[in-house]
Amino acid sequence: DTEVTQTPKHLVMGMTNKKSLKCEQHMGHRAMYWYKQKAKKPPELMFVYSYEKLSINESVPSRFSPECPNSSLLNLHLHALQPEDSALYLCASSQVTGANVLTFGAGSRLTVL
Amino acid sequence: QKEVEQNSGPLSVPEGAIASLNCTYSDRVSQSFFWYRQYSGKSPELIMSIYSNGDKEDGRFTAQLNKASQYVSLLIRDSQPSDSATYLCAVKGYSSASKIIFGSGTRLSIRP
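In this numbering scheme, every chain counts its residues from 1 along its sequence in written order. Here the convention is simple: chains get letters from A, ligands get numbers from 1, in the order in which they are written. Local features in this predicted model are restricted to residues of pLDDT 70 or higher, and side-chain atom pairs are both shown and tallied only at a pLDDT of 80 or more, whereas totals for entire chains, interfaces and linings draw on every residue. Based on all heavy atoms of the structure, the side-chain values leave hydrogens and waters out of the count.

Trainee: What exactly am I supposed to notice about the overall build of chain B here?
Mentor: On a plain count of helices and strands, chain B comes out with zero helices and 11 strands. Listing every helix and strand of chain B by position from the N terminus yields β-β-β-β-β-β-β-β-β-β-β. Note that the radius of gyration is over C-alpha atoms, with the globule rule given as 2.2 Å times the number of residues to the power 0.38. Relative to the 2.2 N^0.38 estimate, which gives 13 Å for 112 residues, the radius of gyration of chain B is 13 Å and therefore close to what a compact globule would have. For chain B, the spread of C-alpha atoms along the three principal axes comes to 45 × 30 × 20 Å. Across the 112 residues in chain B, those meeting the buried criterion constitute 43%. Here, two residues are considered to be in contact whenever any of their heavy atoms come within 4.5 Å of each other. Taking the contacts inside chain B whose residues are at least 6 apart along the sequence as the reference set, 54% of them involve residues at least 24 apart. Here the open area of atoms and residues is found with the Shrake-Rupley method and a 1.4 Å probe, where only the protein chains shown may cover a residue. Of the roughly 5500 Å² of accessible surface on chain B, 47% is carried by carbon and sulfur atoms. For chain B, the centre of its 12 positive side-chain charges and the centre of its 10 negative side-chain charges are spaced 5 Å apart. The numbering of helices and of strands both runs from the N terminus, where a helix is a DSSP run of H or I of at least 4 residues and a strand a run of E of at least 2. Here's how the labels work: a residue is buried when its accessible area is under 20% of the maximum for its type, exposed when over 50%, partly exposed in between, all with a 1.4 Å probe on protein chains only. His is not counted, nor are the chain ends; Lys and Arg add positive charge and Asp and Glu add negative charge. The atom standing in for a charge is NZ when the residue is Lys, CZ when it is Arg, CG when it is Asp and CD when it is Glu.

Trainee: I'm lost on the pattern of salt bridges in this one. Help?
Mentor: Proximity of charged atoms lets side chains of opposite charge pair with each other. All names here are of chain A. The salt bridge definition used is simple: a Lys or Arg side-chain nitrogen within 4 Å of an Asp or Glu carboxyl oxygen. Across all of its chains, the model carries seven salt bridges over all chains by this definition. The partner of Lys 36 in a salt bridge is Asp 85, with the nearest N and O atoms 4.0 Å apart. In this pair, Lys 36 is assigned in strand S4 (residues 31-37) and Asp 85 in the loop between strand S8 (73-79) and strand S9 (87-94), connecting sequence segments 49 residues apart. Here the two residues Lys 36 and Asp 85 agree in accessibility, since each one is buried.

Trainee: Can you walk me through the interface of chain B and chain A in this structure?
Mentor: Interface size is commonly expressed as the accessible area that is lost once the parts come together. Taken together, the contacts link 19 residues of chain B with 21 residues of chain A. By convention, the term buried area covers the 1.4 Å-probe accessible surface removed from two parts as they join, with the contributions of both added. For the pair chain B and chain A, the summed buried surface comes to about 1400 Å²; carbon and sulfur atoms form 57% of the total. It is Ser 43, Lys 99 and Phe 102 of chain B in chain B that bury the most area against chain A; as a group they hold 30% of the surface buried on that side. The shortest N-O distance in the salt bridge between Lys 99 of chain B and Glu 58 of chain A comes to 3.0 Å. The term polar contact refers here to a pair of N or O atoms within 3.5 Å; inside protein, the definition further demands a hydrogen-donor-capable atom paired with an acceptor-capable atom, and it admits residues adjacent in sequence only when both atoms are side-chain atoms. Run the count over chain B and chain A and you get three residue pairs in polar contact (both at pLDDT 80 or more). Those elements that provide at least two residues to the side of chain B that touches chain A are strand S4 (32-38), strand S9 (85-92) and strand S10 (100-102) of chain B. Looking at the side of chain B that touches chain A, the element that brings in the most residues is S4 of chain B, giving four residues. Ten residues, namely Ala, Val, Leu, Ile, Met, Phe, Trp, Tyr, Cys and Pro, are considered nonpolar, four, namely Asp, Glu, Lys and Arg, are considered charged, and the remaining ones, Gly among them, are considered polar. Looking at side-chain class alone, the side of chain B that touches chain A contains eight nonpolar, eight polar and three charged residues.

Trainee: Can you help me understand the state of the cysteines in this one?
Mentor: Covalent bonding between the sulfur atoms of two cysteines is what defines a disulfide. In what follows, a disulfide is any cysteine sulfur pair within 2.5 Å. The full count for this structure, using the stated rule, is two disulfides over all chains. Here Cys 23 of chain A engages in a disulfide with Cys 91 of chain A; their sulfurs sit 1.9 Å apart. Judged by the torsion about the S-S bond (-70 degrees), the Cys 23 of chain A/Cys 91 of chain A disulfide is left-handed. Taken together, the positions of Cys 23 of chain A in strand S3 (residues 18-25) and Cys 91 of chain A in strand S9 put the pair 68 residues apart, joining distant regions of the chain. This pair shows no difference in class: Cys 23 of chain A is buried, exactly as Cys 91 of chain A is. Covalently, Cys 23 of chain B is tied to Cys 89 of chain B through a disulfide, its sulfur atoms 2.1 Å apart.

Trainee: Explain unusual backbone geometry to me, please; I cannot follow it from the model alone.
Mentor: With glycine set apart, most residues show a phi of negative sign, and most peptide bonds adopt trans. Residue Thr 7 of chain A is joined to Pro 8 of chain A through a cis peptide bond whose omega torsion reads -10 degrees. Within the secondary structure, Pro 8 of chain A sits in the loop between strand S1 (4-7) and strand S2 (10-13). Cis geometry is adopted by the peptide bond preceding Pro 10 of chain B, which originates at Gly 9 of chain B and carries an omega value of 10 degrees. Mapped onto the elements of the fold, Pro 10 of chain B is located in the loop between strand S1 (4-5) and strand S2 (11-14). At Glu 52 of chain A, a residue that is not glycine, the phi angle is positive and equals roughly 70 degrees. The residue Glu 52 of chain A is located in the loop between strand S5 (44-50) and strand S6 (53-57) in this model. With a phi angle near 55 degrees, Ser 59 of chain A is a residue other than glycine that sits in the positive phi range. Tracing the backbone shows Ser 59 of chain A in the loop between S6 and strand S7 (64-70). According to the relative accessible area criterion, Ser 59 of chain A is exposed, its value standing at 72%.

Structure representation (structure tokens):
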């Protein structure tokens, strides 16, 4: 299995909703990442987990809450989001933190109304 | 100054011609350089990586790196309509903790 699987592919939520994005990989990678990508912009790093511990938080607002329950799963919990948070959220993994090769999932397109 | 700069395009190239994509970076100690292809609405896909000065060829793709000029490029020979996508240049520093920094991407359009 050489894939990173993200669900859901599309999510529409209101500003008062609580939802979660999920990411799963079975490549034995020990580093997992959340990126946010707005239209015509590059992916922006949000969080990095290394061996299931949060190693980087790029000053992301607390309305985004990451969780890594085990080495294969990565969640992003969403609460009280703003319309400007609408974007493509990409999960990626690599063998270890700082490895050169990132494998991206297909992304979850989020729309906040 | 942006850390990784690319011309946003669109770059329009006739089918069968060579497409040339360019990227400059600001951090002199950068050690690893990547080209990702991203189709509209899809995730980035790594197509080339290069670590030392010179050229690296893989099929129709050639990556070129000039560390003295802080410049990396991607050549696509015999361009096909399926090559139409946004190409993201990405750069990583020397240490294992260095993050991969992406450029804004160049949109490439191959016209039949």
